[in-house]
Amino acid sequence: MNDIRINISDLTLSYGKDAFIKNFSLKVNGPSVVKIYGSNGAGKTSLLRYIAGIYEGNEKEGSIELEAHQTIKLLDNTPSLIDDLYVRENIKFFTKGSLITKQQQEELLVKVGMQEFQDDLVSTLSSGMKRRIEIAILLWASPSIVCLDEPDNFLDDDGMQVIDYLIKQIVQNQGIVVYSSLDWGKERIGYDMKVDLD
Amino acid sequence: MKNLISQYQFINVLVKELTIERRRKQTLLVVIPITFAILLVFPLVIEGRSFVSKEILGTYHIVLLITLCLLFSTRSSDNNFDIKKVNQLAGISQSEHFLGKIISEVIILFPSLILFDYIAVALTNHPIQTSISNYFIFTFLFSICICSISIFVNFISDFDTKLLQILILATVFIPLGLVMTPLWLGVSRELTSIYMLMFFGVTLLLVGFSWITNIKRF
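The sections below set out a description of the structure shown in this document.

Criteria and cut-off values
- Residues numbered from 1 in each chain as written.
- Chains lettered and ligands numbered in written order.
- Predicted model: local features only at pLDDT ≥ 70, side-chain atom pairs only at ≥ 80, totals over all residues.
- Heavy atoms only, no water.
- Helix = DSSP H or I, 4+ residues; strand = E, 2+ residues; numbered from the N terminus.
- Expected span 1.5 Å × (residues − 1).
- Buried < 20%, exposed > 50% of the residue type's maximum accessible area, 1.4 Å probe, protein only.
- Core = buried A, V, L, I, M, F, W, Y, C linked by side-chain atoms within 4.5 Å.
- Contact = heavy atoms within 4.5 Å.
- Buried area = accessible area lost by both parts, 1.4 Å probe.
- Salt bridge = Lys/Arg side-chain N within 4 Å of Asp/Glu carboxyl O.
- Polar contact = N/O pair within 3.5 Å; in protein donor to acceptor, adjacent residues only side chain to side chain.
- Nonpolar A, V, L, I, M, F, W, Y, C, P; charged D, E, K, R; others polar.
- Pairing = 2+ DSSP bridges.
- Axes fitted to C-alpha atoms, helices over the stretch in contact; angles between N-to-C directions.

Section: helix 2 (residues 9-24) of chain B
Residues and elements named next belong to chain B.
- The terminal C-alpha atoms of helix 2, which comprises 16 residues, lie 23 Å apart, in line with the 22 Å expected from a rise of 1.5 Å per residue.
- Among the residues making up helix 2, those that are buried are Gln9, Ile11, Asn12, Val13, Leu14, Lys16, Glu17, Thr19, Ile20 and Glu21.
- Directly beyond the C-terminal end of helix 2, a positive phi value near 55 degrees is found at Lys25.

Here's the deal with the nonpolar core
- Counting 47 residues, the largest nonpolar core has B:Phe142, B:Phe173, B:Leu176 and B:Phe199 as its most contacted members.
- For this core, the secondary structure elements donating two or more residues are helix 3 (26-47), helix 4 (57-73), helix 6 (94-124), helix 7 (132-156), helix 8 (163-185) and helix 9 (189-217) of chain B.
- Of all the elements, helix 7 of chain B adds the most residues to this core, at 11 residues.
- With sequence-adjacent residues up to four places away left out, B:Phe142 is seen in contact with B:Leu65, B:Cys69, B:Leu113, B:Leu176, B:Gly177, B:Met180 and B:Phe199.
- Membership of the second largest hydrophobic core comes to 40 residues, among which are A:Val87, A:Leu108, A:Leu138 and A:Met160.

Topic: the interface of chain A and chain B
- Contacts between chain A and chain B engage 30 residues on the former and 22 residues on the latter.
- Summed over both sides, the interface between chain A and chain B buries roughly 2300 Å², with carbon and sulfur atoms accounting for 60% of that surface.
- Among the residues of chain A in contact with chain B, A:Ile54, A:Asp84 and A:Phe93 are the three that bury the most area, contributing 27% of the side total.
- Summed over the shared surface of chain A and chain B, the result is four salt bridges.
- One salt bridge connects A:Asp84 with B:Arg24, and the closest N-O pair in it is separated by 2.6 Å.
- Between the two partners, chain A and chain B, sit 11 residue pairs in polar contact (both at pLDDT 80 or more).
- Residue assignment for the side of chain A that touches chain B shows that the elements contributing at least two residues are helix 1 (44-52), strand 5 (72-75), helix 2 (87-94) and helix 4 (127-141) of chain A.
- Grouping the amino acids of the side of chain A that touches chain B by side-chain chemistry returns 16 nonpolar, five polar and nine charged.

Observations concerning the environment of A:Glu56
- Residue position: A:Glu56 is located in the loop between helix 1 and strand 4 (59-66).
- The exposure class of A:Glu56 is partly exposed, given its relative accessible area of 39%.
- Look past the residues within four positions of A:Glu56 in its chain and what remains in contact with it is A:Tyr15, B:Asn80, B:Phe81 and B:Lys84.

Focus: the sheet that holds strand 6 (residues 145-148) of chain A
Residue and element names in this part refer to chain A.
- The sheet built from five strands is open, its strands ordered 5-6-7-3-8 with parallel pairing. In this open sheet, the two edge strands, each paired with only one partner strand, are strand 5 and strand 8 (193-196). Averaged over all neighbouring strand pairs, the angle between strand axes comes to 15 degrees, with direction disregarded.
- Bridge count between strand 3 (residues 32-37) and strand 8: four bridges; the pairing is parallel. From the neighbouring strand, Val34 faces strand 8, where its bridge partner is Met193.

Right, here's the structure in full:
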């Protein structure tokens, strides 16, 4: 796990003709937390989606190097959960189909403070609650690289503690956390490296 | 079962899709009742009476089949990016997603088609002119074709309006309906075998095409 790294070189991302990220490079070696700062439209979300492998822009240049065994998960700024399923069904679906036991599922939901809502439909939950469930899924998956798109969105102070816990867990497991933020000065989440996209 | 699902992720997608359908009940409560209403109204509009004569039986069947399949295919729209996002978080490959999706769609459409045919036979008093085994094979192949096309069109026409989607789907469904209708009207045994072979080839082609396009695009 020591060879975990992200190596992006000369990356250009664009939708149509206008590139919003030009010749961007990023090197991360070993477990660390990277903060990507940028104003609205700077390309934070696109960059995180690019790292996660689901970028949908028209053009891209440059390259990204990741180790083959590395698993990457993205916490997007819009929820990825399935609205028509209950919380417990979502957990089962996103944790590779029922390998998780009922007890583990409950423990996981206790960690994110959602144990009371496991029999609720996801469509009835607030954005913050949905985000907590996604964090529970990430905690179970324990990926090598986690991309968090504005993770402090929708979350109260308790929710922020859950995010802190997730980041600690990932770094403890020798992983890399890349998160985006609109705040340059206010530091709600700690970091080892800061990248300015503006 | 748990191991099986974790090993074959398409089962995970299949279970998810069937659970969503069971909860929304779109096919049962929207698609079939609307087709049933058209089934009742169509002879009144065309012939001015609640009776379908043998001359228009073919047209009647094609129209209803296409209506049912169009409503089924456009009952919910898939957003490509959302699928990608969900699959990325769940660790499901596009190939597994396609497999799970097409199997779940066939599981929903196949009984719906049989139910539709049963109602149509009861209302028109024109039995299906082929053996029961042939009927099931043809209907099964037909539902696979419809689901492949539906997934493909949903995939390439990722936009808000359903009009173009309906137009594309209708254009493809008409020839497929033309293959199914002779079963109702009755064709010779030899012709049925040729039809079946042809239909089998078309099904393989459509599934392959839809599968490859889905994986390549993602």
